[in-house]
Amino acid sequence: QQDDEISIWDIVNFLKEGWRWLAGGLLLGLACAIGFLLVTPQKYEAQALFQGAKVLGSDLEATQQLIERLKFPTFYTPDQLKACDIPADNPAVVLAKRINPVLLKGTNILQVTYQARSSEMAVQCLDAVMDRVIDSQNKQSSAALESAKRQLQETKTQLAEVERIQSVLDKRSMGSLDAADAKF
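Residues numbered from 1 in each chain as written. Predicted model: local features only at pLDDT ≥ 70, side-chain atom pairs only at ≥ 80, totals over all residues. Heavy atoms only, no water.

(A) How the structure looks around the sheet that holds strand β4 (residues 100-103). In spatial order, the strands read β1-β5-β4; together these three strands make up an open sheet with antiparallel pairing. Two strands lie at the open edges of the sheet, namely β1 (44-51) and β4, each paired on one side alone. Adjacent strand axes in the sheet meet at a mean angle of 20° when their direction is disregarded. Relative to strand β5 (residues 109-116), β1 runs antiparallel, the two being bridged by eight bridges. Looking at β5, one finds that glutamate 45 is bridged to glutamine 115. Of the strands in this sheet, β1, β4 and β5 touch helix α3 (residues 63-70), which is tilted by about 170° from β4. (Pairing = 2+ DSSP bridges. Helix = DSSP H or I, 4+ residues; strand = E, 2+ residues; numbered from the N terminus. Axes fitted to C-alpha atoms, helices over the stretch in contact; angles between N-to-C directions. Contact = heavy atoms within 4.5 Å.)

Written as C-alpha cells, this is what we have:
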C-alpha cells in the first residue's frame, strides 16, 4: 500500500529542485505586467451624481428615461462633442457608448461616469454633458411651471365666477325669504 500523504519535506524538496522554474515564471510574469503597464494608455474617470428636477412635487422626467436619452447619439450637440474631443468618424456614437449612466440602487439618483486620456478632459466632457441635461430639464420645468400658472389663473377665474354666481343666488334667496316673511 502506497502512502498518498505529502509531507512538508516533500514540498521543500520540490521547491529546491524547481527553483529555476519558479524564479523564471516570476520574472516572466513581472516582465509581462511591466510591459502591459507601459503599453496601456492611462485613463482618467470623471463622475457626476445627478438627481432629476421635481416640478409640483413630482419628477419632471423618469430617471430611466434620462438614462435612455444619454445613450442616444442624437442627444449630444456639436458643442458637447467639441468639448469631449473624440477623434472618430462619428463622435456622437462614440460619446454615447463612453458615457456610463447608472441608477444608484434604492434611489432616483443618477451616477454618470466618463473616461478620457486626461483628468481635465474627462471633467470637461462630463461637465458639458451634464450642462446639457440641466438645460434640458430647466426648459422642461419652465414649460411645466408656465402650464401650472395658466391652470391656476383659469382656476382663479372659475372660482371668481362661481363666487359671483353664489352671491347672486344668495341675494335671490334672501329676497325670496324676505317676501315670504312679509306674507306672514
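(B) Examining the state of the cysteines more closely. Throughout the structure, instances matching the rule amount to one disulfide. What pairs with cysteine 84 in a disulfide is cysteine 125, and their sulfur atoms sit 1.8 Å apart. Between cysteine 84 and cysteine 125, the S-S dihedral sits near 80°, and the bridge is therefore right-handed. In this pair, cysteine 84 is assigned in helix α4 (residues 78-84) and cysteine 125 in helix α6 (residues 119-183), connecting sequence segments 41 residues apart. (Disulfide = S-S within 2.5 Å.)

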